[in-house]
Amino acid sequence: MNIGMIAHNSKKTLIEDFCIAYKGILSKHDIYATGTTGRRIEDVTSLRVHKFLPGTIGGDKQFAEMIQRGAMDMVIFFYNPSMIDSKEPDMKKIVTVCDQNTIPIATNIATAELLILGLGRGDLDWRLDMNREEV
């Protein structure tokens with residue numbers, strides 16, 4: 001499955017720690033991330049990450065386009081709700097396109113852990129069936 005990862009600057013360490021903790025599950029899937037987040041995930045986990053541009057220069061738009069095409073199966077987006085900044089990736093846009101395209105999204109560590117553990121158990125395999133029907 002295609003797993004999207006994106007994090008505001010103040011949440012980069014959190015997403016690194018998350019990926020270290022769940023490296024075993026993530027290694028069985030394709031990981032997509034905005035540029036800086038992807039590079040940091042690769043550095044700490046040695047996982048291969050398909051990287052878009054950095055979010056601040058259009059990576060969040062590339063990320064959203066992949067979701068709109070139905071090519072993303074799950075998204076983890078750690079954002080800082082107390083510091084929304086126009087220089088950070090557009091959280092509202094990403095959440096909206098996920099909702100419009102029935103893509104599971106986690107915006108905090110508790111929900112991200114539920115999604116990733118479900119992914120590991122096969123609870124999200126319905127996405128594979130859904131993607132086959134659309135082909």
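This text goes with the structure placed above it.
Bear in mind the structure is a predicted one, so any value in this text is a computation, not a measurement. (Residues numbered from 1 in each chain as written. Predicted model: local features only at pLDDT ≥ 70, side-chain atom pairs only at ≥ 80, totals over all residues. Heavy atoms only, no water.)

1. Side note on the overall build of the chain
Assigned secondary structure in the chain consists of 7 helices and 5 strands. When its helices and strands are written in sequence order, the chain yields β-α-α-β-α-β-α-β-α-β-α-α. Relative to its 135 residues, the chain shows a buried fraction of 47%. For the chain, restricting intrachain contacts to residue pairs at least 6 apart in sequence, the fraction spanning at least 24 positions comes to 67%. (Helix = DSSP H or I, 4+ residues; strand = E, 2+ residues; numbered from the N terminus. Buried < 20%, exposed > 50% of the residue type's maximum accessible area, 1.4 Å probe, protein only. Contact = heavy atoms within 4.5 Å.)

2. Overview of the environment of asparagine 108
Along the chain, asparagine 108 turns up in the loop between strand 5 (105-106) and helix 6 (109-121). Classification of asparagine 108 by relative accessible area gives partly exposed; the value is 36%. Along the backbone, asparagine 108 and isoleucine 15 are 93 residues apart, and their C-alpha atoms lie at a distance of 9.9 Å.

3. Comments concerning the sheet that holds strand 5
Reading across from one edge, 3-2-1-4-5 is the order of the 5 strands in this open sheet, with parallel pairing throughout. Pairing within the sheet leaves two strands with one partner each, and these edge strands are strand 3 (49-51) and strand 5. Both strand 4 (residues 74-78) and strand 5 contribute to a ladder of 2 bridges, which runs parallel. By the bridge assignment, isoleucine 76 is partnered in strand 5 with alanine 106. The strands touched by helix 3 (residues 35-45) within the sheet are strand 1 (2-7), strand 2 (30-33) and strand 3, with strand 3 carrying the most contacts at an inclination of about 160°. Sheet strands touched by helix 4 (residues 59-68): strand 1, strand 2 and strand 4. Its angle to strand 1, the strand with the most contacts, is close to 150°. (Pairing = 2+ DSSP bridges. Axes fitted to C-alpha atoms, helices over the stretch in contact; angles between N-to-C directions.)

No statement about biological role is implied by the geometric values presented.
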